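Listed here are the chains, written in short residue letters.
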Amino acid sequence: MQSSSVLTRHGPPLAMAALTLLLAACGGGGGDDTPPPPPAACTSPCIGSAGGSVAGPNGASLAVPANAVASNVTFAIVAGGAAPPSALPAQFVTAGTVHEFTPHGQSFTSPATVTVPLDPARVPAGTTPVLLRINPGQSAWQTVSGATRNGNAMTAQVSSLS
């Protein structure tokens, strides 16, 4: 999702924002030979190498294909999430709730599908909705390349969760 594409719009542009934020995990090691503790159990919704999907609030979802992750990963989708690190550019308005997809920094060896709901009543006539994302520590929103509108949702293939 580092690249973006230009979408043809009629009238003022409209944005549907998918927000992802970065959380860092730290590990440390002492100088002893004590083995590390076993990894934490994967809690539901847990997706492993067989693939799977996560249903979030308001119809948001994440579909992970088989072999896209090497080990079990706990995924979550939160509507409204944390406040975005940057306001949307003035020419954009939201057409739905911002959704936060975690775990932050998760990459996929095959693209996963993100679906974010939109409210058709908030889509002005003559506009084309786009899906945006923002990476933590950045102030610029990015267009999610290849996102399409499917009824009351925006869907895109992604290679990572920021």
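Up top you'll find the structure we're talking about.
This write-up is about the structure you can find in this document.

Some words on the overall build of the protein
The number of helices and strands found in the protein is zero helices and twelve strands. Walking the protein from its N terminus toward its C terminus, one meets helices and strands in the order β-β-β-β-β-β-β-β-β-β-β-β. Counting over 162 residues, the protein shows a buried share of 38%. Surface summary for the protein: the accessible area is close to 8400 Å², and the carbon and sulfur share equals 56%.

Topic: the sheet that holds strand E4 (residues 61-64)
Judged by pairing direction, the sheet is antiparallel, and its five strands sit side by side in the order E3-E4-E8-E12-E11 without closing on themselves. The open sheet has two edge strands with one neighbour each: strand E3 (52-55) and strand E11 (148-149). Of the strand pairs in this sheet, E3 and E4 are connected by four bridges, and their pairing is antiparallel. Paired with Ala55 across the strands is Ser61, a residue of E4.

About the criteria used
- Residues numbered from 1 in each chain as written.
- Predicted model: local features only at pLDDT ≥ 70, side-chain atom pairs only at ≥ 80, totals over all residues.
- Heavy atoms only, no water.
- Helix = DSSP H or I, 4+ residues; strand = E, 2+ residues; numbered from the N terminus.
- Buried < 20%, exposed > 50% of the residue type's maximum accessible area, 1.4 Å probe, protein only.
- Areas by Shrake-Rupley, 256 points an atom, 1.4 Å probe, with all protein chains shown as cover.
- Pairing = 2+ DSSP bridges.

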